[in-house]
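# Notes for the structure review
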Amino acid sequence: MIVLNNLSVIYEDETVGLENISLEFTPGEFTVLLGASGAGKSTLLRCINLLTIPTRGQVIVDGLGTLNNPKALRKHRQKTGMIFQQHQLLPRQTALKNVLIGRLAYHSTFRSFFPLPKIDQIIALDCLDRVGLLNKALTPVKQLSGGQQQRVGIARALAQQPRFLLADEPVASLDPGSSHKILANLKKICQEDGIGAVVSLHQIDLALEYGDRIIGLAGGNILFDSHPSEIKSQQ
Ligand code: ADP
Ligand code: ADP
């Protein structure tokens, strides 16, 4: 479980990123953060992963708050796998290598690629299989389509065996058909593995279709925290 206690982020130029947010996220639940550009979605996701350190408040994952201990911070990040809008892959490396790099950042004791432990290769290939890309494992990422690259990004996060997947506008740069396929696949994987997902979107139709829970954000504040049926009944 993720617990956020009175989280605030004030950036150096005094922009308010988040204002006194308290939320809980449970494994197995697919939560959508819905909001316009600048609402605070990225800031919230980056705080959960501790890529951004909150100005005030606490982030607790499975009962542990971490901040002052590098080993605990690495464990925290392993448990909260991040998927980025621009997927942040290494374009000249193969899909498999990208997924392995994501995994070894958290699971290798040697921090070395040579020789690669077999178990890591098996897990990386399994993750590519689950996003439908086993046949592209040895293709350099720059030769893949946008949707395929995003799926490599999902496989990379999955390979770190997280308890939660955090996805920051994962379908923002994709056409509607690919967006639906990616979100349906992501939701299925999370359900199968009991992973909690926190996914930011700016399209209400996608939020209503895939969210088990929808949190509306604006100006760094929570506008609503609802089940999709409550929102549909008000439309
Ligand atoms: P969203 O993901 O919903 O588009 P963000 O979390 O990126 O929103 O941004 C929330 C607010 O914080 C916006 O006003 C944005 O301009 C501001 N912001 C985000 N990152 C920074 C930063 N590094 N420095 C200053 N302001 C920032
Ligand atoms: P594009 O960016 O080219 O639209 P897509 O993500 O739509 O890329 O995928 C390209 C092809 O892969 C399509 O033929 C689509 O049906 C197939 N595909 C998409 N998602 C999956 C998946 N999760 N599992 C298997 N095949 C998929």
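Residues numbered from 1 in each chain as written. Chains lettered and ligands numbered in written order. Predicted model: local features only at pLDDT ≥ 70, side-chain atom pairs only at ≥ 80, totals over all residues. Heavy atoms only, no water.

### Brief notes about the confidence of the model for the protein
Predicted confidence across the protein gives a mean pLDDT of 92, with 95% of residues reaching 70 or more. Two summary scores accompany this predicted model of the complex, namely pTM at 0.87 and ipTM at 0.72. (pLDDT = per-residue confidence, 0-100.)

### Concerning the site of ligand 2
Around ligand 2, a shell composed of Val-131, Gly-132, Ser-145, Gly-146, Gly-147, Arg-151, Asp-175, Ser-178, Lys-181 and Asn-185 is seen. Take Ser-145: an N or O atom from its side chain is 3.1 Å from an oxygen atom of ligand 2. The separation between an oxygen atom of ligand 2 and a polar side-chain atom of Arg-151 is 2.8 Å. A class-by-class count of the residues in the shell around ligand 2 yields one nonpolar, six polar and three charged. (Near = heavy atom within 4 Å. Polar contact = N/O pair within 3.5 Å; in protein donor to acceptor, adjacent residues only side chain to side chain. Nonpolar A, V, L, I, M, F, W, Y, C, P; charged D, E, K, R; others polar.)

### Re helix H3 (residues 95-107)
If you check H3, its first and last C-alpha atoms are 18 Å apart, about what 13 residues at 1.5 Å a residue would give, namely 18 Å. Along H3, the residues classified as buried are Ala-95, Leu-96, Asn-98, Val-99, Leu-100, Gly-102, Arg-103 and Leu-104. Buried residues belonging to H3 abut helix H2 (70-79), helix H4 (118-130) and helix H5 (146-159). (Helix = DSSP H or I, 4+ residues; strand = E, 2+ residues; numbered from the N terminus. Expected span 1.5 Å × (residues − 1). Buried < 20%, exposed > 50% of the residue type's maximum accessible area, 1.4 Å probe, protein only. Contact = heavy atoms within 4.5 Å.)

### Here's the deal with the site of ligand 1
Near ligand 1 lie 13 residues; those nearest to it are Gly-38, Gly-40, Lys-41, Ser-42 and Thr-43. The contact in question runs from an oxygen atom of ligand 1 to an N or O atom on the backbone of Ser-42, over 2.7 Å. Within the residue set of the shell around ligand 1, elements represented by two or more residues are strand S2 (16-25) and helix H1 (41-48). Looking at the shell around ligand 1, the element that brings in the most residues is H1, giving three residues. Here the shell around ligand 1 is composed, by residue class, of four nonpolar, seven polar and two charged.

### Brief notes about the sheet that holds S2
Sheet architecture is open: three strands sit in the order S2-S1-S4, paired in antiparallel fashion. Edge positions in the sheet fall to S2 and strand S4 (56-61), since each of these pairs with one other strand and no more. Averaged over all adjacent pairs, the angle separating strand axes in this sheet is 15 degrees, with direction ignored. When strand S1 (residues 2-10) meets S2, the two strands line up antiparallel, connected through six bridges. Bridging from a neighbouring strand, Val-9 pairs with Leu-18 of S2. (Pairing = 2+ DSSP bridges. Axes fitted to C-alpha atoms, helices over the stretch in contact; angles between N-to-C directions.)

### Let's talk about the pairing of strand S8 (residues 213-218)
Burial of S8 is extensive: five of the six residues sit out of reach of the surface. Two elements, strand S3 (residues 30-34) and S8, share four bridges in a ladder whose sense is parallel. Along S8, the bridge assignment pairs Leu-33 with Ile-215. Across five bridges, S8 lies against strand S9 (residues 221-226) in antiparallel orientation. The partner of Gly-216 across the bridge, within S9, is Phe-224. Here S8 folds back onto S9, and the loop between the two strands holds two residues, one of which, Gly-219, carries a positive phi near 55 degrees.

### Notes on the side chain of Glu-169
Mapped onto the elements of the fold, Glu-169 is located in the loop between strand S6 (164-168) and helix H6 (176-193). The exposure class assigned to Glu-169 is buried, which follows from its relative accessible area of 10%. Setting aside residues up to four positions removed in sequence, Glu-169 forms contacts with Lys-41, Gln-85, Ser-200, Leu-201 and His-202.

### Examining the environment of Lys-41
For Lys-41, the position within the fold is in helix H1. Separated by 17 residues in the primary sequence, Lys-41 and Glu-24 place their C-alpha atoms 15 Å from one another. Beyond its immediate stretch of four places on either side in the chain, Lys-41 contacts Leu-33, Leu-34, Gly-35, Ala-36, Glu-169, Ser-200, Leu-201 and Leu-217.

### Notes on the sheet that holds strand S5 (residues 80-83)
Pairing is mixed across the open sheet formed by six strands, whose spatial order is S5-S6-S7-S3-S8-S9. Unpaired on one side and paired on the other, S5 and S9 mark the two borders of the sheet. Between one strand axis and the next, the sheet turns by 20 degrees as a mean value, whatever way the strands run. With five bridges connecting them, S6 and strand S7 (residues 196-201) associate as parallel partners. Counterpart to Ala-167 in the pairing with S7 is Val-199. Docked against the sheet, H1 engages S3, S5, S6, S7 and S8, running at close to 150 degrees with respect to S6. Helix-sheet contacts for H2 involve S5 and S6, and the interaxial angle to S5 is about 60 degrees.

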